[in-house]
Amino acid sequence: MVNRNIPGQSPSGLRATRRTALGLLLGTPLLSGCSTVQNFLGGDSSGSSSEPTPGGPPVQGSVLGEGQVKVGLILPLSAAGSAGQAGMSMRNAAELALSEFRTANIQLLVKDDGATAQGAQQAAQQAVSEGASIILGPVFAQMVAQVAQVARGHNIPVISFSTDSSVAGRDVYLLSFMPESDVRRIVDYSAGIGKRSFAALIPDTAYGSVVEAAFKTTVPQHSGRVAAFEKYGSDRVRPATTVAQALGSADALFIADGGEGVVAITDALTAAGANLSRIQLLGTGQWDDPRIFAAPALRGGLYSAPDPAGFKSFAARYRAKYNTEPVRTATLVYDAVALVAALARAEAAQRFTAEVLTNPSGFTGIDGLFRFRKDGTNERGLAVMKVGAEVGVLVAGSPKSFGG
């Protein structure tokens, strides 16, 4: 196999290798990473909110780039509130990617789904009718099924930004921050430093259910055991008391929640008599939160997240171009555009096949190493961070390649 760089890639470019039907290997662009916020808008596996709110009239479609390979990009541009703000920020990230990959032979057909299922279906139909050979988006799980139905009818793959693994499937891939990757990385690292007995407190939400499944699968794979496991809702006292009583037989405590939730559950543990300084605290990417860093009881806790260096660089370039801050998940769109720009250099019949997209070597982007699984979900190579006084501190870098 031959591995070579593609000319014209940006300074933070996307690297990838893939085997074509001809048995050749093509090196692709790069994308470069920061700490992750798992659920930025809600409505997916995080369970943080129900649905995005439709806003005003749909935003008129636009075209970015002048390349020959047409790519649909479906975002909630006219949605109300944070969803619409995120949609515009993600659209800007796509434009930034094209400006940094000046030789990209792609043309982005930007469509607004209006934060509705009907709007997503219409956006997909428009993109297909205009010649799109792959679709990026939508953001929310509620819209993915409609887009997938249209795309599959034309044998066009979809790369969505939803975190809900239930919407992944044949030719529908998720390029998002998925809870499973967080769990695998932090448990793997903890086992590597000698932790074998794990206690866990997990919110009783859709997100919690995903984390629970990953946690209970991953711990035994490292010859570990689950010493205590509790889920909590509005009542944190009883679950925290139960776990506090079992911490004597555990050497790590995993809390899968966001900033406010983690602080509240650790307060409940302390009130129940737990000495948290004597056990290794573990978390997910949702621990990348100022409220976590401000809590003395959580100091020294470990969590998995992308290496922050990439997002820091991306955000600086974004600010310079748009004079505003990007949403954290804008990097997903940047990475997706960089990926299709790289793959668009191959022959038409081989650009976006399942074999290419599920290359086991994966791709490297703003948020580090990632690869699509055959079931449409993804796996990420994450770093391990430690809770500091003001920010997360890098403890273990993200892997440079997937094992094997």
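Keep in mind it's a predicted model, so treat the numbers as computed, not measured.

J.: What am I meant to see in the overall build of the protein here?
T.: When its secondary structure is counted, the protein shows 11 helices and 17 strands. Burial status across the protein gives 59% buried among its 404 residues. Summed over its atoms, the accessible surface of the protein is roughly 15,700 Å², and 48% of this surface lies on carbon and sulfur atoms.

J.: Teacher, can you tell me more about the pattern of salt bridges here?
T.: For side chains of opposite charge, pairing can occur when their charged atoms come near one another. Evaluation of the coordinates by the stated rule reveals 14 salt bridges. Residue E95 is joined to R91 by a salt bridge in which the shortest nitrogen-to-oxygen separation is 3.1 Å. Here E95 pairs with R91, and both are found in helix 1 (residues 81–100), just four residues apart, close to one helical turn. For R91, a relative accessible area of 17% translates into the label buried. Residue E379 is joined to R373 by a salt bridge in which the shortest nitrogen-to-oxygen separation is 3.2 Å. Taking the relative accessible area as the measure of exposure, R373 reaches 29% and is therefore partly exposed.

J.: Would you mind going over the sheet that holds strand 9 (residues 225–232) with me for this structure?
T.: Pairing between sheet strands relies on hydrogen bonds along the backbone, with the strands arranged either parallel or antiparallel. Pairing is mixed across the open sheet formed by seven strands, whose spatial order is 9-8-10-11-12-16-17. Either end of the sheet is taken by a strand with one partner, and the two such strands are strand 9 and strand 17 (392–396). On average, adjacent strands in this sheet sit at an angle of 25 degrees to one another, irrespective of strand direction. Where strand 12 (residues 302–305) meets strand 16 (residues 383–387), four bridges bridge the pair, whose relative direction is antiparallel. Each residue of the ladder has a partner; that of Y303, found in strand 16, is M385. Each of strand 8 (197–203), strand 9 and strand 10 (252–255) is contacted by helix 5 (residues 206–221), which is oriented at about 175 degrees to strand 9, the strand it contacts most. Relative to the sheet, helix 6 (residues 237–246) contacts strand 8, strand 9 and strand 10, its axis offset from that of strand 9 by approximately 165 degrees.

J.: Is there a simple way to think about the packing of helix 4 (residues 179–192) against helix 5 in this case?
T.: In a pair of packed helices, the angle between the axes and the distance between the axes together describe the arrangement. Contact geometry for helix 4 and helix 5: axes closest at 9 Å, N-to-C directions at 35 degrees. Crossing handedness for the pair helix 4 and helix 5: right-handed. Along the contact surface, helix 4 presents P179, E180, V183, R184 and V187, while helix 5 presents Y207, V210, V211, A214, F215, T218 and V219. By residue class, the composition of the contact of helix 4 with helix 5 is nine nonpolar, one polar and two charged.

J.: What exactly am I supposed to notice about helix 4 here?
T.: For an α-helix, the turn length of 3.6 residues means that residues three or four places apart are oriented alike. Here helix 4 contains 14 residues, and its C-alpha end-to-end distance of 20 Å stays within 8% of the 20 Å for a straight helix at 1.5 Å per residue. Burial analysis of helix 4 places 11 of its 14 residues in the buried class, the great majority of the element. Three or more residues of helix 4 are buried, namely P179, E180, S181, D182, V183, R185, I186, V187, Y189, S190 and A191. Once helix 4 ends, the next one or two residues include G194, with phi positive near 100 degrees.

J.: What am I meant to see in the side chain of D289 here?
T.: Considering the arrangement of structural elements, one finds D289 in the loop between strand 11 (280–283) and helix 8 (290–293). Looking at D289, its side chain comes within polar contact range of the main-chain nitrogen of R291, at 2.8 Å.

J.: Would you take a moment to explain unusual backbone geometry for this structure?
T.: A negative phi angle characterises most non-glycine residues, just as the trans form characterises most peptide bonds. The omega torsion across G137 and P138 is 0 degrees, close enough to zero to call that bond cis. As for its position among the elements, P138 is in the loop between strand 5 (135–136) and helix 3 (141–152). Backbone geometry at S223 places phi at a positive 60 degrees, although glycine is not the residue there. Mapped onto the elements, S223 comes out in the loop between helix 5 and strand 9.

J.: Can you help me understand the nonpolar core in this one?
T.: Generally speaking, a soluble globular protein has its nonpolar side chains buried in company with each other. With 73 residues, the main nonpolar core has I106 and F161 as its most contacted residues. Considering every element that reaches this core, the biggest residue donor is helix 10 (residues 330–343), with 11 residues. For I106, the residues in contact, after removing those within four places along its chain, are L64, G65, E66, G67, Q68, V69, V71, L98, V337, V340, A341 and A344. Counting residues in hydrophobic clusters, the runner-up holds 29 residues, among them A250, I292, F293 and L298.

J.: Help me understand helix 3, please; the structure alone is not making it clear to me.
T.: For helix 3, with 12 residues, the first-to-last C-alpha span of 17 Å sits near the 16 Å given by 1.5 Å per residue. Listing the buried residues of helix 3 in full gives A141, M143, V144, V147, A148, V150 and A151. Down the axis of helix 3, the smallest arc covering the buried residues is 165 degrees, so these residues share one side. Looking at the buried residues of helix 3, the elements they touch are strand 3 (69–75), helix 2 (117–129), strand 5, strand 6 (158–160) and strand 7 (172–174).

J.: Just to check I follow, could you spell out the packing of aromatic side chains for this structure?
T.: Within a pair of aromatic rings, the relevant descriptors are the distance that separates the centres and the angle that separates the planes. Scanning the model with the defined rule gives 11 aromatic pairs in all. Ring plane angle 50 degrees and centroid distance 5.4 Å describe the contact between Y173 and F372, whose orientation is recorded as tilted. In this pair, Y173 is assigned in strand 7 and F372 in strand 14 (residues 368–372), connecting sequence segments 199 residues apart. Summarising the burial analysis for this pair, Y173 and F372 share the class buried. Aromatic rings pair up to connect F101, F311, F314, Y318, Y322 and Y334 into one cluster. Lying over the aromatic face of F229, K216 brings its terminal NZ or CZ to 4.2 Å of the ring centre. Lying over the aromatic face of F402, R371 brings its terminal NZ or CZ to 4.0 Å of the ring centre.

Cut-offs applied
Residues numbered from 1 in each chain as written. Predicted model: local features only at pLDDT ≥ 70, side-chain atom pairs only at ≥ 80, totals over all residues. Heavy atoms only, no water. Helix = DSSP H or I, 4+ residues; strand = E, 2+ residues; numbered from the N terminus. Buried < 20%, exposed > 50% of the residue type's maximum accessible area, 1.4 Å probe, protein only. Areas by Shrake-Rupley, 256 points an atom, 1.4 Å probe, with all protein chains shown as cover. Salt bridge = Lys/Arg side-chain N within 4 Å of Asp/Glu carboxyl O. Pairing = 2+ DSSP bridges. Axes fitted to C-alpha atoms, helices over the stretch in contact; angles between N-to-C directions. Contact = heavy atoms within 4.5 Å. Left-handed = near helix turned anticlockwise from the far one by under 90°. Nonpolar A, V, L, I, M, F, W, Y, C, P; charged D, E, K, R; others polar. Expected span 1.5 Å × (residues − 1). Polar contact = N/O pair within 3.5 Å; in protein donor to acceptor, adjacent residues only side chain to side chain. Core = buried A, V, L, I, M, F, W, Y, C linked by side-chain atoms within 4.5 Å. Arc of directions from axis to C-beta. Phe/Tyr/Trp six-rings, centres within 6.5 Å; stacked < 30°, edge-to-face > 60°. Lys NZ or Arg CZ within 6 Å of the ring centre and 35° of its normal.

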